Amino acid sequence: MSALRLAEQRGEVIDIARRMTSDRLVVGTSGNVSVRSGDLVAVTPSGVEYDELRPVDIPLVDLSGEVVEGELKPTSELPMHLTAYVEHDAGAVVHTHSLHATALSLLRDEVPAVHYQLADYGGAVRVADYATFGTDALAVSMSEALRDRNGCILRNHGTVTIGNSLTKAYNRARQLEWLCELWLTAAKLGAPAVLPDEELAHCATLFAGYGQSVR
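The numbers attached to residues start from 1 for each chain and follow its sequence in the written order. A pLDDT threshold of at least 70 governs which residues receive local features in this predicted model, and a stricter bar of 80 or more applies before side-chain atom pairs are shown or counted, although totals over entire chains, interfaces and linings include all residues. Hydrogens are left out, water is left out, and the side-chain values use all remaining heavy atoms of the structure.

With an unreviewed UniProt entry as reference, the protein is termed Class II aldolase/adducin family protein, source organism Saccharopolyspora terrae.

Attention now moves to the side chain of arginine 155. Helix and strand assignments follow DSSP, with helices taken as H or I runs no shorter than four residues and strands as E runs no shorter than two, numbered in order from the N terminus. By the element assignment, arginine 155 lies in the loop between β7 (151–154) and β8 (158–163). Relative accessibility under 20% of the residue-type maximum defines a buried residue, over 50% an exposed one, and the middle range a partly exposed one, all with a 1.4 Å probe and only protein chains included. Residue arginine 155 is classed as buried on the basis of its relative accessible area of 19%. For the purposes of these results, a polar contact is taken to be a pair of N or O atoms within 3.5 Å, where, inside protein, one atom must be able to donate a hydrogen and its partner to accept one; residues adjacent in sequence count only when each atom of the pair is a side-chain atom. From its side chain, arginine 155 meets the backbone oxygen of arginine 108 in a polar contact 3.3 Å long. Of note is the side chain of arginine 155, whose polar atom sits 2.8 Å from the side chain of aspartate 109.

So, about the packing of helix α1 (residues 7–22) against helix α5 (residues 166–187). Axis separation between α1 and α5 bottoms out at 11 Å; the angle between their running directions is 10 degrees. When the axes of α1 and α5 are compared, the pair comes out roughly parallel. Here α1 contributes Glu12, Val13, Ile16, Arg19 and Met20 to the contact with α5, which in turn contributes Leu166, Thr167, Tyr170 and Arg174. Split by residue class, the contact of α1 with α5 holds 5 nonpolar, 1 polar and 3 charged. Where helices are involved, their axes are fitted lines through C-alpha atoms of the stretch in contact, as for all axes, and angles between N-to-C directions lie from 0 to 180°. The scheme is simple: roughly parallel for angles under 35 degrees, roughly antiparallel for over 145, roughly perpendicular for 65 to 115, oblique for anything else. By definition in these notes, contact holds between two residues if any of their heavy atoms fall within 4.5 Å. Three classes are used: nonpolar for Ala, Val, Leu, Ile, Met, Phe, Trp, Tyr, Cys and Pro, charged for Asp, Glu, Lys and Arg, and polar for all others, with Gly counted as polar.

We now examine the UniProt feature "domain: Class II aldolase/adducin N-terminal" (unreviewed entry) in the protein. UniProt feature "domain: Class II aldolase/adducin N-terminal" (unreviewed entry): in the numbering of this structure it lies at residues 11–184. Structurally, residues 11–184 is divided into 34% helix and 19% strand, and its ends, taken at the C-alpha atoms, are 35 Å apart. UniProt positions are given in the numbering used here, feature names are shortened, and annotations may be inferred rather than shown by experiment.

Any carboxyl oxygen of Asp or Glu that lies within 4 Å of a side-chain nitrogen of Lys or Arg is treated as forming a salt bridge with it. Overall, the coordinates contain 9 salt bridges when judged by the stated rule. Its salt-bridge partner being aspartate 109, residue arginine 155 comes within 2.8 Å of it at the nearest N-O pair. Taken as a pair, arginine 155 in the loop between β7 and β8 and aspartate 109 in the loop between α3 (99–105) and β6 (127–128) lie far apart in primary sequence, 46 residues in all. Note on aspartate 109: relative accessible area 56%, which makes it exposed. For arginine 172, the salt bridge is made with aspartate 120, and the minimal N-O distance between the two is 3.0 Å. Of this pair, arginine 172 sits in helix α5 while aspartate 120 sits in the loop between α3 and β6, and the two are 52 residues apart along the sequence.

Okay, here's the thing in structure tokens:
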């Protein structure tokens, strides 16, 4: 039997998908995860419980969306994932149905600058216009909201975050949910104070050199 292609990446997709459930960013089989390696993408399948997934169950698709390995059908949101790779040079994509971010999308057109962590997304996180799930129209709407950003919210739907790795994309998904919860919590008591654009830009510069160097 030949070795499973991209076995490590397929396992990572499963790990992150299960974390989405344990971190309450999705319910059941909602949301989806993918990671790119060269011209191939490992992506969660459609309608399968994450706890039941094995690496062999993770489809591999090319950048046109054709399945090149795997028996299961890819997520219905594949157009969004491929658009993020082709148009935004993503290395990984995480799509959640997180509660607070989705709630904010019903009220706002972007996430207000209530915390400097928004600088990690390239600025205020936009809310994409609503379109039916799984459609090319949703991928187009997402792509516009994702322009010059590392994440966006889909109105009446959920979030999309990207990164050069699945860990980075997932951490952005968790942080985005926290930012939305922060604004919703403060807004219950009044109009939250927000940071000016200049401060977000300054923090973005600081973030560029933040953390440990990789040897």
